[in-house]
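Letter by letter, the chains look like this.
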Amino acid sequence: MTDSAKPTLLVVDGHSLAYRAFFALPVDNFSTKDGQHTNGVYGFLSMFVNLIKAEKPTHLAVAFDTSRQSFRTREYTEYKANRSESPAEFRGQIPLLQDCLAAMNVTVLQKEDFEADDILATLATQGAEAGFDVLVCSGDRDTIQLVNDDITLLYPSVQGVSQLKRYDPAAVIEKYGLPPENYPDIAALVGETSDNLPGVPKVGEKTAVKWLTQWGTLDALLENADKIPGVVGGNLRDHLEDVRRNRRLNRLLRDVELPVGPVDLAVQPIDAQAVREIFARLEFRTLLPRVFEASGIVADEEPAAPTVALPASRSLTPAELADWAAAATGEVGVTVTIEGGLPARIGLATGDEAVEATWTPDAAAALAPWFASAAPKVFTDAKPQVKALGRAGVRVDGLAFDLLVAGWLLRPSFPDKSLADLVDRYLGEKLPEADPTQLVPETEGATPGQLSWFALRVATALRGELPASVATVLTDIELPTLLALADMELAGVAVSHEKLSGFSGELSARADAIARDAFAAIGREVNLGSPKQLQEVLFEELQLPKTRKTKTGYSTDAAVLADLQESHPHPFLDLLLQHREATKLRQIIDALDLAIGADGRVHTTYVQTGSQTGRLSSTDPNLQNIPVRTQESRRIRAAFEVGADHESLLTADYSQIEMRIMAHLSEDPGLVEAFNSGEDLHRFVGARVFGVEPAEVTPAMRTKVKAMSYGLVYGLSAFGLSKQLRIEQSEAKQLMMEYFARFGAVRDYLRSSVEQARIDGYTETIFGRRRPFPDLASPNRVLRENAERAALNAPIQGSAADIMKIALFRIHHEFAAEGLRSRILLQIHDELVVEVAEGEWDAAERIVRDRMGDAAALSVPLDVQIGRGANWDEAAH
DNA sequence: GTTTGCACGTA
DNA sequence: CGTACGTGCAAACA
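Residues numbered from 1 in each chain as written. Chains lettered and ligands numbered in written order. Predicted model: local features only at pLDDT ≥ 70, side-chain atom pairs only at ≥ 80, totals over all residues. Heavy atoms only, no water.

In plain terms, the rule: UniProt positions are given in the numbering used here, feature names are shortened, and annotations may be inferred rather than shown by experiment.
In the annotation of an unreviewed UniProt entry, chain A is listed under the name DNA polymerase I and assigned to Microbacterium terricola. On record in UniProt, under Catalytic activity (unreviewed entry), the comment for chain A is "DNA(n) + a 2'-deoxyribonucleoside 5'-triphosphate = DNA(n+1) + diphosphate". Here chain A is described in UniProt, under the heading Function (unreviewed entry), as follows: "In addition to polymerase activity, this DNA polymerase exhibits 5'-3' exonuclease activity."

Here you go:
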């Protein structure tokens, strides 16, 4: 912009334009994968970005209506009364749109009792007076009255939101035959059906313009109404009051009191990170570069973060560092950088001082006592550092805080990934980072000591946000668990390469043979691993009936293939299923084999922040989904063996822990009795539901109530139950009714827990772990119902996770305290795998059984099943 | 080269 | 139209 050019103020009616976009764009193409509709948001932003690129405003604001009520509805209750309620699917998008605009640092204005157009009128008028070129963008025709030499209207044409027609005074005269200030007079005479403002019958634009041209003003026309000839003249005389009322209502207010004026609306650089985040959430991809590109408004640079006086980090010798640590009072921030799995540098910090040293064997010896002490330590991501220290022979205790774990507990849906994220979110500052694209970085990254200093400050900020119950979960469950997990990962589990490689070869040969037969069955070769090619074969060449729809076509998953085989038997179907099974197993085996380390053991990584419910997840490789269901697949489990220096594997699992938690939470007398009776759960429940003696419960009955019981925990519907059991929906409904007739408190509990979550906005486990559920209030049914099922499940699955974690770290602790060499190797949600050292079986078994059994005091007992064997398969029971 | 969708393994 | 995960492949995208 040159100095001589006038600044340009662009004011936009967010509501009317988003509404047009909502109807213009197909919702199917604009929904997130969990069902949130985004077509209105997308359409608006797309238009908005084009607008900014084209007009390059220097000042900018978007106005919204607050509700349907305004001073106009009070004056005339019928105002806009004919408008049907805007669809909930649209209303739900407005807050999302406002979030996007906030991330783009665009001023959003709305005011109770006024419409967006009144805000536009006020800003436009003030802007014109202050010497701006003003652009008004609105889909409401009443804004035509604002047009003058300084104010131009951009009005979406009927073709679509992207086509904006420019109205300057000349354009208005060309279209309506009168200057802009007269437009409301025309509209008052003609009426506005969309606002429910009836005009003079039989009077359209032509007549209105003719009259106004003849009489000069609306007042003159109305005063001389008795001189108008013909039927329309009579109509005018009959509707004088309507016309006066219309004129009052369609006059936009130009003096609404606003917190800002035009000069306050200077375009701000966007918050690039915030935009990235919300666009990722809304699954907008192509829009991101367009927003970044749009000139005038955006800067792709990070916003200037407040500069903070970083303490210099003093480099010390290991001995000096150890002395410094020993002398420190209060919490110490710790950062251990890792190279090749071992500590490389170590930085420590208190609130006002940062120090660091290079890791050496001397450092290990000097610092070991401090690390093993109860002196409180704050880490950003403790587990890998604790492991590196462990490899160097340094044990860690006194873990007081872990930023990643704490951040995850606070917001389990969007766990922060790094200290930089946390510094940004909780301190609003920018962590100095070396430019990774520069071989010789121009900007220095923070040193380990400085990182520790930041970590300590973030910890303070984060603590302030943690509710008491969540802080307790962190201290009493998560942090002790973290230390136990570090040891489990270091230990790894012995896996036999010999057993695996033999099996892999077998499966390869089998898969090839099956593939040949499958190709013969259809007369050509296809890629059996390609769903797309399979669809061609099944639904076009073999003419099999279309199955369940997916996003890209029709499903070919195992359940669908089994159904097809029943209704339209074809040898290809069965061969395909067999091929899938063989290749899947081989794939798992090969991946596992590849993961065996030089020590003959597989070391997984447990992701403590990997779930929304409190469970762990396992990666590289995932050892929580090793097959178990089929005879064949157990050969894989048989390859998980006791290590050479130990005696046997012990497996321990909770039986029906989630049902027990449900019994505890619901206090259902029937269910509580079931668990206290010692009878098989499903037999007991089956006897109640079907009104027979436990001994008379048939396998079919047991299967049904078992599916129902497990389904309950997941928010199962009659439809889902019927599908699972392959029974009629009516029968499923009947089964649910019988079930709830006997176990009504279960249903009451499930219902009330979702209702409570709707009120609180989050669910809570027995131990106080929280999970937020904003979507319980969503107007989008798919979204809301998904949230309801997840909210129903979260306290149950989460409490089970809490209980297992408590048992886990207590066992880990007790093994050490009793000086045992036995150790926990794996956790698979409700199961532990323990490697028992020679002569320690009885002690280990006792500890595992007791600590799992008494991890929580519920109103029903926690039942623990234990098995023993030389490998995981044998140890199962 | 990266991302997405499908399919499938576990609790 | 049943919760919570991670992985590998093919296909689509850049």
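A word on the packing of aromatic side chains
The condition is simple: Two aromatic rings from Phe, Tyr or Trp, using only the six-membered ring of Trp, form a pair when their centres are within 6.5 Å; if the ring planes differ by under 30 degrees the pair is stacked, by over 60 it is edge-to-face, and anything between is tilted. Labels follow the DSSP assignment, with helices taken as runs of H or I lasting at least four residues and strands as runs of E lasting at least two, numbered in each case from the N terminus. Think of it in three bands: with a 1.4 Å probe and only protein chains considered, a residue is buried below 20% of the maximum accessible area for its type, exposed above 50%, and partly exposed in between. A ring has a charge above it when a Lys NZ or an Arg CZ is no more than 6 Å from the ring centre and no more than 35 degrees off the ring normal.
Inspection of the entire model under this criterion finds 18 aromatic pairs. Aromatic side chains Phe539 and Tyr554 sit 5.9 Å apart centroid to centroid with 65° between the ring planes, which places their arrangement in the edge-to-face category. Residue Phe539 is located in helix α23 (residues 531-541), and its partner Tyr554 is located in strand β17 (residues 553-554); the two are separated by 15 residues in the primary sequence. Taking the relative accessible area as the measure of exposure, Tyr554 reaches 24% and is therefore partly exposed. Members of the aromatic cluster, each reached through a chain of ring pairs, are Tyr19, Phe22, Phe23 and Phe90. Over the ring of Tyr155 we find Arg20, and its NZ or CZ is 5.5 Å from the ring centre.

A look at the environment of Thr152
For clarity, the threshold we go by: Contact criterion: two residues are considered in contact whenever any of their non-hydrogen atoms come within 4.5 Å of each other.
In this fold, Thr152 is placed in strand β5 (residues 151-157). For the pair formed by Thr152 and Arg166, sequence separation is 14 residues and the distance between their alpha carbons is 6.8 Å. Apart from residues lying up to four places away in sequence, Thr152 is in contact with Val134, Leu135, Val136, Arg166, Tyr167 and Asp168.

Structural notes on helix α16 (residues 361-372)
Selection criterion: To estimate how far a helix should reach, multiply one less than its number of residues by 1.5 Å. Comment: arc refers to directions from the helix axis out to C-beta atoms.
With 12 residues, α16 should reach 16 Å at 1.5 Å per residue; the first-to-last C-alpha distance of 16 Å fits that figure. Residues of α16 that are buried: Ala363, Ala364, Leu367, Trp370 and Phe371. The buried residues of α16 occupy an angular sector of 130° when the element is viewed end-on, so they sit on one face. Every exposed residue of α16 that faces more than 90 degrees away from the buried side is listed here: Pro361, Asp362, Ala365 and Pro369. Those residues of α16 that are buried are in contact with α15 (318-327), β10 (332-339), β11 (342-349), β12 (354-358), β13 (377-379) and α17 (382-391).

Some thoughts on the protein's contact with DNA strand C
Quick note on the threshold: Here a residue is considered near a molecule or strand provided that any single heavy atom belonging to it is located within 4 Å of it. By the criterion applied in these results, polar contacts are pairs of N or O atoms within 3.5 Å in which, for protein atoms, one can donate a hydrogen and the other can accept it, and in which residues neighboring in sequence qualify only through two side-chain atoms.
For DNA strand C, the set of nearby residues contains 31 residues, the closest of which are Ser530, Gln612, Ser617, Ser717 and Gln724. Within the side chain of Gln587, an N or O atom sits 2.9 Å from a sugar or linking oxygen of DNA strand C. Within the side chain of Arg771, a nitrogen or oxygen atom sits 3.0 Å from a phosphate oxygen of DNA strand C. Put simply, the parts of the chain that give the surface near DNA strand C at least two residues each are α23, α25 (571-594), β20 (617-619), α30 (699-714), α31 (718-725) and α34 (781-817). Residue contributions to the surface near DNA strand C peak at four residues, all from α34.

Overview of the domain arrangement of chain A
Note the threshold: Residue ranges for the domains trace back to a domain assignment, done automatically or taken from a database.
According to the domain assignment, chain A contains domain 1 (8-169 + 252-293), domain 2 (313-491), domain 3 (495-602) and domain 4 (659-780). Here the C-alpha centroids of domain 1 and domain 4 sit 47 Å apart.

Some words on the sheet that holds strand β14 (residues 399-402)
Definition in use: Two strands qualify as a pair provided that DSSP identifies no fewer than 2 bridges between them. Fitting a line to C-alpha atoms yields each axis, with helices limited to the stretch in contact; the angle taken between N-to-C directions then spans 0 to 180 degrees.
Reading across the sheet, the six strands line up as β9-β12-β11-β10-β13-β14 and stay open at both edges, with mixed pairing between neighbours. Each end of this open sheet is capped by a strand with a single partner; those strands are β9 (313-315) and β14. Across this sheet, the average inter-strand angle for adjacent strands is 30°, counted without regard to direction. Together, β13 and β14 form the strand contacts of helix α18 (residues 403-410), whose direction differs from that of β14 by roughly 55°.

Quick look at the confidence of the model for chain A
In plain terms, the rule: A score from 0 to 100, pLDDT tells how confident the predictor is in each residue.
For chain A, mean pLDDT is 91; residues scoring 70 or higher make up 96% of the total. Below pLDDT 50 for its whole length, residues 296-304 participates in 22 contacts with residues either more than four positions away or in separate chains.

Digging into the protein's contact with DNA strand B
Put simply, the rule reads: Residues are grouped as follows: nonpolar covers Ala, Val, Leu, Ile, Met, Phe, Trp, Tyr, Cys and Pro; charged covers Asp, Glu, Lys and Arg; every other residue, Gly included, is treated as polar.
Taken together, 20 residues lie near DNA strand B, and Lys551, Thr556, Val628, Arg629 and Asp830 sit nearest. Counted by atom, the contact set of DNA strand B within 4 Å of the protein is 85% sugar and phosphate. Between Asn625 and DNA strand B, the recorded distance is 3.0 Å, taken from a side-chain N or O atom to a base nitrogen. Here a sugar or linking oxygen of DNA strand B and a side-chain polar atom of Asp830 are 2.7 Å apart. Of the residues assigned to the surface near DNA strand B, the class counts are five nonpolar, seven polar and eight charged.

A closer look at the sheet that holds strand β25 (residues 823-827)
An order of β25-β26-β22-β27 is seen for the four strands of this open sheet, with the pairing classed as antiparallel. The strands lining the two open edges of the sheet, one partner per strand, are β25 and β27 (864-869). On average, each strand axis in the sheet is tilted by 25° relative to the strand beside it, whichever way the strands run. With four bridges joining them, β25 and strand β26 (residues 831-836) adopt antiparallel strand pairing. Note that in β26 the partner of Gln827 across the bridge is Leu832.

Examining the pairing of β12
On any regular strand, side chains alternate: one points to one face of the sheet, the next to the other face. The buried fraction of β12 amounts to four of the five residues, a majority that puts the element mostly inside the structure. As defined by bridge partners, β9 adjoins β12 across three bridges and the pair is classed as parallel. Within β12, the residue paired with Ser315 across the bridge is Glu356. Of the strand pairs in this sheet, β11 and β12 are connected by five bridges, and their pairing is antiparallel. Looking across to β12, one finds that Arg345 is bridged to Thr358. Where β11 folds back onto β12 in an antiparallel hairpin, the turn is made up of four residues.

Some remarks on the state of the cysteines
Heads up, the condition is: Whenever a pair of cysteine sulfur atoms sits within 2.5 Å, that pair is classed as a disulfide.
Per the counting criterion, the structure on display carries zero disulfides. Sulfur of Cys100: no disulfide; nearest cysteine sulfur belongs to Cys137 and is 17 Å away. Accessibility expressed as a relative area gives 0% for Cys137, which makes it buried.

Let's talk about unusual backbone geometry
Cis geometry is adopted by the peptide bond preceding Pro621, which originates at Asp620 and carries an omega value of -10°. Positive phi, close to 60°, is recorded for Gln543, a residue that is not glycine. Its place among the elements puts Gln543 in the loop between α23 and β16 (549-550). Residue Gln543 is classed as exposed on the basis of its relative accessible area, which comes to 61%. The phi torsion at Gln656 lies on the positive side, around 50°, for a residue other than glycine. With respect to the helices and strands, Gln656 occurs in the loop between β22 (648-654) and α27 (657-666).

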